[in-house]
Amino acid sequence: MTSRTGILLLVSGPSGSGKTTLCRRLADEDEAHYSISCTTRAPREGEIDGKDYHFLSKDDFKSRIDAGEFLEHAEVHGNYYGTLKSEVLDYLAKGTDVVMDIDVQGANQVRSCPDSQIKTAMIDLFVMPPSEEELRARLTGRGTDAEEVIALRMKNALEEMKHWPEYSYRLISATREEDYLNFKSLIIAERLRVSRLQ
Ligand code: 5GP
């Protein structure tokens, strides 16, 4: 039987686009490994260390940069975020698909990574909210962040949204079910790609 190497699915989009929910569901249904990122931001209520993120101090984050542990890292909303190589490379080699929730700077770094394993594996998707009003409603509705945090996220979201043409795929969010159907179709189709067959 033919085997294949894993797909690295990068998913970007502003906070409130629904991208994290899509990525999580794909992993919950055992369709892919969710790459757990490191961050220096404080955990939100209900977030669990090692499940939602690896929550690190700034010093710990910096020493991991120096040790070359990150595939990519970036500063987002005043905090550091990064993907550990250990969350990605071995999975791909074993043929497990990996899904990453990543900002536009991080996606850029992965795209320009010279590693041939990453190049073969990678596809990128930008998830957009249906409108600016809906984005505002979603950011406010989450109810977990302070007023000024929401204002900063709104400003960053509008800025981040300008980057969608850099991606191969774009999804304009509709209902949760429709979004998930489109999202899953993308990975199903990518599993047929000849260049990853061994
Ligand atoms: P949040 O704090 O709302 O969980 O995430 C804020 C932003 O950081 C989101 O746009 C998310 O995609 C991005 N992000 C999460 N993990 C990573 C990562 O490992 N690397 C990069 N570059 N961005 C990340």
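Above this text sits the structure in question.
Since this is a predicted model, take the numbers as computed values, not measurements.

A. Layout of the site of the ligand. Taken together, 17 residues lie around the ligand, and Arg 41, Tyr 53, Tyr 81, Asp 101 and Asp 103 are the ones closest in. Between an oxygen atom of the ligand and a side-chain N or O atom of Arg 153, the distance comes to 3.0 Å. When isolated, the ligand has an accessible area of 510 Å², and the protein chains bury 96% of it. Where the shell around the ligand is concerned, the elements lending two or more residues are strand E5 (70–76) and strand E6 (79–84). Considered class by class, the residues forming the shell around the ligand number five nonpolar, five polar and seven charged.

B. Representation of helix H4 (residues 104–111). Of the residues making up H4, those classed as buried are Val 104, Gly 106, Ala 107 and Val 110. End-on view of H4: buried residues confined to an arc of 160°, all on one side of the axis.

C. Structural view of the pairing of strand E7 (residues 98–101). The two faces of E7 match: Val 98 and Met 100 on one face and Val 99 and Asp 101 on the other face are all buried. As paired elements, strand E1 (residues 8–12) and E7 share four bridges and run parallel to each other. Along E7, the bridge assignment pairs Leu 8 with Val 98.

D. Molecular detail of the sheet that holds E6. If you walk across this open sheet you meet the four strands as E4-E3-E6-E5, and the pairing is mixed. Of all the strands in the sheet, just strand E4 (54–55) and E5 have a single pairing partner and so form its edges. Bridge count between strand E3 (residues 38–39) and E6: two bridges; the pairing is antiparallel. Note that in E6 the partner of Thr 39 across the bridge is Tyr 81. Running over the sheet, helix H2 (residues 58–66) touches E3, E5 and E6 and is turned about 40° from E6.

E. Here's a closer look at the layout of surface pockets. Estimated volume of the second largest pocket: approximately 190 Å³. If you trace the second largest pocket, you find 14 residues lining it, with Arg 41, Arg 44, Asp 145, Val 149 and Arg 153 closest to the centre. Sorting the residues of the lining of the second largest pocket by element identifies E6 and helix H7 (147–161) as the ones contributing at least two each. Tallied by class, the residues present in the lining of the second largest pocket amount to six nonpolar, three polar and five charged.

F. Spotlight on the sheet that holds E7. Across the sheet, five strands lie side by side as E2-E7-E1-E8-E9; this open sheet has parallel pairing. Of all strands in the sheet, those with a lone pairing partner are strand E2 (33–34) and strand E9 (169–172), marking the two edges. Sheet strands touched by H4: E1, E7 and strand E8 (122–128). Its angle to E1, the strand with the most contacts, is close to 150°. Those strands touched by helix H8 (residues 176–190) are E1, E7, E8 and E9, and its axis lies near 165° from that of E9.

G. Quick look at the environment of Arg 4. Tracing the backbone through its elements, the reader meets Arg 4 in the segment before E1. With 189 residues separating them along the chain, Arg 4 and Arg 193 place their C-alpha atoms 9.3 Å apart. At 2.9 Å, the side chain of Arg 4 and the side chain of Asp 97 are in polar contact.

H. View of H8. With 15 residues, H8 extends 21 Å between its outermost C-alpha atoms, agreeing within 8% with the 21 Å of an ideal straight helix rising 1.5 Å per residue. Buried residues of H8: Asp 179, Tyr 180, Phe 183, Leu 186, Ile 187 and Glu 190, and no others. Burial along H8 is one-sided: seen end-on, the buried residues are contained in an arc of 120°. For H8, exposure combined with an orientation more than 90 degrees from the buried face picks out Glu 177 and Leu 181. Where H8 is buried, its residues contact E1, helix H1 (19–28), E7, E8 and E9.

Conventions and cut-offs
- Residues numbered from 1 in each chain as written.
- Predicted model: local features only at pLDDT ≥ 70, side-chain atom pairs only at ≥ 80, totals over all residues.
- Heavy atoms only, no water.
- Near = heavy atom within 4 Å.
- Polar contact = N/O pair within 3.5 Å; in protein donor to acceptor, adjacent residues only side chain to side chain.
- Areas by Shrake-Rupley, 256 points an atom, 1.4 Å probe, with all protein chains shown as cover.
- Helix = DSSP H or I, 4+ residues; strand = E, 2+ residues; numbered from the N terminus.
- Nonpolar A, V, L, I, M, F, W, Y, C, P; charged D, E, K, R; others polar.
- Buried < 20%, exposed > 50% of the residue type's maximum accessible area, 1.4 Å probe, protein only.
- Arc of directions from axis to C-beta.
- Pairing = 2+ DSSP bridges.
- Contact = heavy atoms within 4.5 Å.
- Axes fitted to C-alpha atoms, helices over the stretch in contact; angles between N-to-C directions.
- 1 Å grid on protein atoms, 1.4 Å probe; cavity = no way out; pocket = protein on both sides within 12 Å on 5 of 7 lines; lining within 4 Å.
- Points joined across faces, edges and corners; volume = space filled by probe spheres on them.
- Expected span 1.5 Å × (residues − 1).

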